[in-house]
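Survey of secondary and tertiary structure
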Amino acid sequence: MPTVLITGASRGIGRAAAFAFARDCWRVAVCYHRAEKQGLEVVESIRDFGGLAYAFQGDIRSPEACEALVAAVADQFGPLDALVNNAGISLPCQFQDAGPEIWAETLNTNLLGARNMIAAALPSMLVRKQGAIVNVSSMWGISGASCEVPYSAAKAGLIGLTKALAKELGPSNIRVNCVAPGVIQTDMNAALSPADMEELAARTPLCRIGQADEVAEAILFLASTRASFITGQVLGVDGGFL
Ligand code: NAP
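Residues numbered from 1 in each chain as written. Predicted model: local features only at pLDDT ≥ 70, side-chain atom pairs only at ≥ 80, totals over all residues. Heavy atoms only, no water.

Describing the sheet that holds strand 3 (residues 52-57)
Operational definition: For two strands to be treated as a pair, DSSP must find no fewer than two bridges joining them. Secondary structure elements are defined from DSSP: runs of H or I of at least 4 residues count as helices, runs of E of at least 2 residues count as strands, and each element is numbered from the N terminus. Each axis is a line fitted through C-alpha atoms, taken for helices only over the stretch in contact, and angles between the N-to-C directions span 0 to 180 degrees.
Overall, parallel pairing links the 7 strands, which are arranged 3-2-1-4-5-6-7 in an open sheet. Edge positions in the open sheet fall to strand 3 and strand 7 (234-237), since each of these has one partner strand only. The mean inter-strand angle of the sheet, taken between neighbouring strand axes irrespective of direction, is 20 degrees. Sheet topology places strand 1 (residues 3-6) next to strand 2 (residues 27-32); 4 bridges connect them, and they run parallel.

Printed below as a string of structure tokens:
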């Protein structure tokens, strides 16, 4: 039974990914930051249908916390087969209003958070010469989004990280891929008005907003051996938006 660690698994896309991996018979480390109740609920629901899951708390902005997180998961489940860097934040505002704090917070979570988790998980993957890393970027990291400059920059950085690291780790049989979701129905978009959501749906060739489960399936595919000859890729899950 392979083991996966998913950051940001208390809510949204990460939560859906936790269920998708559990249904596919993976042991799931459900990582949360602040939403302990939701994280524990995900674990309970997975156990209810006979899956194997455990909840872990950690802040991906801290390299030390990421090392502790990976160590705690290893104690519980053994070494990781896959790491899903899903946790992220969006702090929309105009460029002129995005001061150093907003830039730091956005980059520390969306880009350096993935770096911290990979740095913590990599040693045991290198020893075993085996592993898959899936990063959750965004279509805005490819196209850029108005009023989301720091977020777009962080998600573009995550794509660069994915492609470069795939080259570096390929000889060690560690695959690194990325998904680039479009507009997905989660808390992250809760601040958008119904009119905004309708407009985004209208700009999407499939004429609707995506669901977290639809991104989860793409993440699971890239982490699984079904994608054994795929690395360094960015898989759009955006209803054809880009
Ligand atoms: P969400 O519902 O807002 O959930 C965000 C998750 O990230 C939560 O589980 C949260 O943990 C976790 N998190 C935030 N800061 C963290 C930190 N410092 N340390 C550890 N965990 C932290 O978001 P979502 O929509 O599911 O987004 C998931 C990923 O998809 C993000 O990377 C996002 O950028 C990307 N994405 C989303 C969309 C979209 O339309 N929703 C589109 C493209 C890409 P707690 O709740 O426990 O605090």
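Some details on the packing of aromatic side chains
To keep it simple, the criterion reads: Two rings belonging to Phe, Tyr or Trp (six-membered ring only in the last case) form a pair when the distance between their centres is within 6.5 Å. Interplanar angles under 30 degrees mark stacking, angles over 60 mark edge-to-face geometry, and anything in between is tilted. Here's how the labels work: a residue is buried when its accessible area is under 20% of the maximum for its type, exposed when over 50%, partly exposed in between, all with a 1.4 Å probe on protein chains only.
On inspection of all chains with the given rule, the structure shows 5 aromatic pairs. For the ring pair F56 and F77, a centre distance of 6.5 Å and an interplane angle of 70 degrees mean the geometry is edge-to-face. A residue pair is termed long-range when its members are at least 10 positions apart, and F56 in strand 3 and F77 in helix 3 (residues 63-77) qualify at 21 residues. Judged by its relative accessible area of 7%, F56 falls in the buried class. Judged by its relative accessible area of 11%, F77 is buried.

A look at the environment of K37
Within the secondary structure, K37 sits in helix 2 (residues 36-48). For K37, a relative accessible area of 61% translates into the label exposed. For K37 and R47, which are 10 residues apart along the polypeptide, the C-alpha to C-alpha distance reads 15 Å.

A few points about the environment of V84
The test is simple: For this analysis, residues touch if any pair of their heavy atoms sits within 4.5 Å.
Note on placement: V84 falls in strand 4 (residues 82-85). For V84, a relative accessible area of 0% puts it in the buried group. Sequence separation between V84 and G141 is 57 residues, and the spatial gap between their C-alpha atoms is 18 Å. The residues contacting V84, other than those within four sequence positions of it, are V4, L5, I6, T7, F21, V134, V136 and I219.

Side note on the pattern of salt bridges
The condition is simple: The salt bridge definition used is simple: a Lys or Arg side-chain nitrogen within 4 Å of an Asp or Glu carboxyl oxygen.
In total, this model carries 8 salt bridges according to the counting rule given. One salt bridge in this structure joins E105 and R61, with 2.8 Å as the shortest N-O distance. Of this pair, E105 sits in helix 4 (residues 100-110) while R61 sits in the loop between strand 3 and helix 3, and the two are 44 residues apart along the sequence. Residue E214 pairs with R208 through a salt bridge whose shortest N-O separation is 2.7 Å. Given a relative accessible area of 34%, E214 falls into the partly exposed group. One network of salt bridges, with partners in common, ties together D59, R61 and E105.

Just geometry here; none of it tells us what the structure is for.
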